[in-house]
Amino acid sequence: MTVPYVGPGANPTDWVTRHYPGPLRSALEQRGGVPHSARSIVARQLGLRTAEQLRERIERRWYQRYADLTGPTLLARADEIAELLVAGPDCEVSDLCEDGWLLDEEANCTWCRPSRTEFDLTGQDETEGRRASPDTVARMAGSIRAQMRAGRRSVRAANERARVERERRSGDPDPAPPTAIRQPSQPGRTSPDS
């Protein structure tokens, strides 16, 4: 039997703090309940994120950082962990970043997770073969990004695919791909598709 979804309602702070994982909740109950400091952090964060996003943050951080703690260690650190699970990200772009992921752009945060790619080329590697032009590299990178976006399982990507499909069905002869900018047609010119 499935449990029906109950939204944040009138008191989102209580709703978020009720979503602490079971082991942490029982440790907090032994220590007197959710600390006031954690509740105040939740209240501040609700100005930047939705209650559902804070619940996801709690779940993600718990399984990434603290799920292996048990017994006396969890009991001793329960208040601290309750605060750390809901604390805002420590990032220069914290209004956009959620633990290294930019919410608006659906991409890694370059501030939190800069590219650490290292190239180990020998002299022989550098001299053999033709180098691609910067335009070719940019075009190839754009097509790879478009393929990655098309394969993503996100609401934004699904909405974009649905929009393109609706345009195709409506008879629009030239639906713009998700990343292209539609240019106004010029009089006297025909498109390559016609």
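For the structure itself, consult the block above.
Residues numbered from 1 in each chain as written. Predicted model: local features only at pLDDT ≥ 70, side-chain atom pairs only at ≥ 80, totals over all residues. Heavy atoms only, no water.

A. Representation of the overall build of the chain within the structure. Helix and strand content of the chain: eight helices and two strands. Going from N to C terminus, the chain has its helices and strands arranged as α-α-α-α-α-β-β-α-α-α. Here the chain holds 194 residues, and 22% of them are scored as buried. Surface summary for the chain: the accessible area is close to 14,400 Å², and the carbon and sulfur share equals 52%. (Helix = DSSP H or I, 4+ residues; strand = E, 2+ residues; numbered from the N terminus. Buried < 20%, exposed > 50% of the residue type's maximum accessible area, 1.4 Å probe, protein only. Areas by Shrake-Rupley, 256 points an atom, 1.4 Å probe, with all protein chains shown as cover.)

B. The pattern of salt bridges, seen in detail. Across all of its chains, the model carries 11 salt bridges by this definition. Among the salt bridges present, the one from D14 reaches R39, with a minimum N-O distance of 2.7 Å. Of this pair, D14 sits in helix α1 (residues 12-17) while R39 is found in helix α3 (residues 36-45), placing the two residues 25 residues apart along the sequence. Its relative accessible area of 25% is what places D14 among the partly exposed residues. For R39, a relative accessible area of 27% translates into the label partly exposed. Two residues, E165 and R168, come together in a salt bridge whose shortest N-O distance is 2.3 Å. Separated by three residues within a single helix, E165 and R168 lie in helix α8 (residues 155-169), roughly one turn from each other. (Salt bridge = Lys/Arg side-chain N within 4 Å of Asp/Glu carboxyl O.)

C. Layout of the packing of helix α4 (residues 51-66) against helix α5 (residues 71-86). Two numbers describe how α4 lies on α5: the axes approach to 10 Å, and their chain directions differ by 135°. Classified by the angle their axes make, α4 and α5 are oblique. As α4 runs across α5, the sense of the crossing is right-handed. Taking contact as the criterion, the partners of R57, I58, R61, W62 and Y66 in α4 are, on α5, L74, R77, I81, L84, L85 and V86. Taken together, the residues of the contact of α4 with α5 sort by class into eight nonpolar, no polar and three charged. (Axes fitted to C-alpha atoms, helices over the stretch in contact; angles between N-to-C directions. Parallel < 35°, antiparallel > 145°, perpendicular 65-115°, else oblique. Left-handed = near helix turned anticlockwise from the far one by under 90°. Contact = heavy atoms within 4.5 Å. Nonpolar A, V, L, I, M, F, W, Y, C, P; charged D, E, K, R; others polar.)

D. Representation of helix α2 (residues 22-30) in the model. Turning to α2, its buried residues number three or more, namely L24, A27 and L28. Along the axis of α2, the buried positions cluster into a sector of 100°, meaning they face one direction only. Residues of α2 that are exposed and point over 90 degrees away from its buried face: E29 and Q30. Directly beyond the C-terminal end of α2, a positive phi value near 110° is found at G32. (Arc of directions from axis to C-beta.)

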